[in-house]
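Report on the structure
Each chain, letter by letter, is given below.
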Amino acid sequence: MTLQAITFDLDDTLWDNRGVMARTETGHYAWLDAALDAWLARRGDTHLGRFAERFPLAAYQTSRRRLAERYPLRRGDFSWLRERALVELLEAFGLPRSAAWLWAAATMARFHALRLEVSPHPEVEPLLAELGGRYRLGAITNGNLAVHRLALHRHFRVTIAAGEIQAPKPDARPFLAALARLATPPSRALHVGDSWQEDVLPALRLGMHAAWIAADTPHAGDLPAGVFRLQHVRELPALVQRLEGPG
């Protein structure tokens, strides 16, 4: 076969995201609690108490889930859900709506700064540089990482934030949007990702090939034609070479 384009999932494909999200989740909420408490103390508004004591992290998480149920089209737009949940909690805490929006925006800025503290696998940068010289590269993510602020963003001709276009994977639309912008038919494209449901299956349904990054995930039976299981993204160049064949 002749490949023209390769699209990538990001979180847990190009880096380990579990620690990043744990630190980001607790970190931006703790920042809000401390910064808001200091601001209220300067204003003499200590009667409101501590925000995180009245609304612990679990309340914030519950609020996001309820918002996702109320606004199903927004269920994958995690930044929208977070900011809206923060506004609602801050208003319930006692802030006027204008102040609630300002503090929510500041907290989301902190969230996005922490969210950027990813450490791509050491093989990723040279891998993208090498593949980018021969193929059109794209990224398709359900995450709310500000990819354009990462150094590796320069390797991608297109980046699709699926949740922000209200079509989170496994919806076919982010894949179709990427393929259209990469001017590549599905049969000439390979998608690389760690999720069977969100990466492999939608790519396969469109007629793309799929590299499934699954070191420990069990799978019964043989893989469907066009799906290739890898232990780590570092194995991708060898797979691409094998798909392209000799010469």
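All figures in this text were calculated on a predicted structure; none of them were measured in a lab. (Residues numbered from 1 in each chain as written. Predicted model: local features only at pLDDT ≥ 70, side-chain atom pairs only at ≥ 80, totals over all residues. Heavy atoms only, no water.)

Structurally, arginine 115 is set in helix H5 (residues 97-115). With near-sequence residues (within four places) excluded, arginine 115 lies in contact with Asp11, Asn17, Val20, Met21, Thr24, Gly143, Asn144 and Leu145. (Helix = DSSP H or I, 4+ residues; strand = E, 2+ residues; numbered from the N terminus. Contact = heavy atoms within 4.5 Å.)

The strand order across the open sheet built from six strands is E3-E2-E1-E4-E5-E6, with neighbouring strands paired in parallel fashion. For this open sheet the edge positions go to strand E3 (158-161) and strand E6 (227-230), each flanked by a neighbour on one side alone. Each neighbouring strand pair of the sheet contributes to a mean axis angle of 20°, computed without reference to strand direction. Pairing analysis gives four bridges linking strand E2 (residues 136-141) to E3, with the strands arranged parallel. Residue pairing in the sheet places threonine 141 in a bridge with alanine 161 of E3. Along the sheet, helix H6 (residues 124-132) makes contact with strand E1 (5-8) and E2, crossing E1 at roughly 155°. (Pairing = 2+ DSSP bridges. Axes fitted to C-alpha atoms, helices over the stretch in contact; angles between N-to-C directions.)

In short, shape yes, function no, at least from these values alone.
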